[in-house]
Amino acid sequence: MKKQLITALIMAISINSTIAQLPKDYEVATWLDFKKSAVTYSFDDGTPNQLPIAVPLLNKYGFKASFNLVIDWVKDWNDWKQITNNGHEIASHTITHANFGQISEEQQRKELETAKQIIEEKIGKPCITFVYPYCARGNDNIVAEYYISARTCDRHVAKATPENMFDITSVCVGAETDVQKADDFNKWVKNGVIENGWLTFLIHAIDNDGGYSSISSTEFDNHLKFVSENQNDYWVATFAEVSKYILERNSLSIKEKKVSNGYEIEVMVSAQSKITKFDQPLTIKRSLPKKWTSAKVTNSKGEINSRIENNKLIFNIIPGEKYTITE
């Protein structure tokens, strides 16, 4: 047990490292595509209207969300599996909705490990993030053995680089809170832009489906419309995607080599984890070389999307890949 805890602690340190090393002409975006804030819609408990109402609303705007399931409360896994094929995330919310502030470390481990195993078996995709029931934190070292990040609910915007990836705050919404109308949601996402941070909404019931603190689908739709109309400000992504982005961004290194027709770059991250592959795209800028008026970027698959703004070449990279920049 002692050895396992030490291993988990080392893992937690390594994936929280902030040692980005970039050549002088490069800049990595705080959020994908240089958006001003990250936004995550995080749904707890698998309440009855999340699949038939919340998912179609999100899909309407092309947004992906995280759905945090309690294993003992899931009656049919087929529909949950299907939404992951459209980019939504299934995350762990334990087996029994246990309060980690009231159970032993041995019980915590069972809840964490077994829930992860069952989700991965039923969904067929990795389960890499965790949500604390009742927002009651347990032992970070144990959580770090199975997940790369965990959500709590201290009701504020998380920093672009959180102090602890296993204590990511969120804002609870719905009838039991003061965040009920579209304008209430909008005020919070606007605060996220001001703070250049990560805003996670903690959502349960929708349209009075019997779950906790219900939200109105009409108000939620109006809010999503606002975010969609201001997509230059907001990167809407799952909890796993944003977690990966942070860990990769903060440990990114780029090696550049001059070649006859331009530049070759190698992309690496020092973050390491046995839990997941770090393959979340990151957005970077590179100053155009002198006298260049255009540029294109290619990798092993061919030319990739890029654009030039204010004499800067902007494109997405994936850790572990190599790219070539030519005029």
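Read on for a plain summary of the structure. (Residues numbered from 1 in each chain as written. Predicted model: local features only at pLDDT ≥ 70, side-chain atom pairs only at ≥ 80, totals over all residues. Heavy atoms only, no water.)

**Here we look at the packing of helix 6 (residues 182-195) against helix 7 (residues 217-229)**
Viewed as axis vectors pointing N to C, helix 6 and helix 7 meet at an angle of 35°, and their least axial separation amounts to 8 Å. Handedness of the crossing formed by helix 6 with helix 7: right-handed. Note on element contacts: helix 7 touches helix 6 through Glu219, Phe220, Asn222, His223 and Phe226, opposite Ala182, Phe185, Asn186, Val189 and Lys190. (Axes fitted to C-alpha atoms, helices over the stretch in contact; angles between N-to-C directions. Helix = DSSP H or I, 4+ residues; strand = E, 2+ residues; numbered from the N terminus. Left-handed = near helix turned anticlockwise from the far one by under 90°. Contact = heavy atoms within 4.5 Å.)

**Focus on helix 6**
Over its 14 residues, helix 6 runs 20 Å from end to end, which matches the ideal 20 Å to within 8%, given 1.5 Å per residue. Those residues of helix 6 that sit buried are Ala182, Asp184, Phe185, Asn186, Trp188, Val189 and Gly192. As for helix 6, its buried residues are in contact with strand 2 (37-44), strand 7 (171-172), strand 8 (198-203), helix 7 and strand 9 (234-236). Asn196 occupies a position one or two residues after helix 6 and carries a positive phi of about 55°. (Expected span 1.5 Å × (residues − 1). Buried < 20%, exposed > 50% of the residue type's maximum accessible area, 1.4 Å probe, protein only.)

**Focus on the environment of Asn68**
Along the polypeptide, Asn68 turns up in strand 3 (residues 66-69). Separated by 25 residues in the primary sequence, Asn68 and His93 have C-alpha atoms spaced 5.3 Å apart. Discounting residues that sit within four places of it in the chain, Asn68 has contacts with Ser42, Phe43, Asp44, Asp45, Gly46, Ala91, His93, Val131 and Arg151. For Asn68, the side chain forms a polar contact with the side chain of Ser42, separated by 2.9 Å. (Polar contact = N/O pair within 3.5 Å; in protein donor to acceptor, adjacent residues only side chain to side chain.)

**Here we look at the sheet that holds strand 12 (residues 282-287)**
Pairing is antiparallel in the open sheet, where four strands are placed in the order 1-12-16-15. The open sheet is flanked by strand 1 (26-28) and strand 15 (306-309), the only strands paired with a single partner. Along the sheet, successive strands turn relative to each other by an average axial angle of 25°, direction set aside. Pairing of strand 1 with strand 12 involves three bridges; the strand directions are antiparallel. (Pairing = 2+ DSSP bridges.)

**A short note on unusual backbone geometry**
We note that Asp45 has phi near 80°; this positive angle belongs to a residue other than glycine. Tracing the backbone through its elements, the reader meets Asp45 in the loop between strand 2 and helix 2 (50-60). Backbone geometry places Asn208, a non-glycine residue, at a positive phi of 50°. With respect to the element layout, Asn208 can be found in the loop between strand 8 and helix 7. Residue class for Asn208 comes out exposed when judged on its relative accessible area of 70%.

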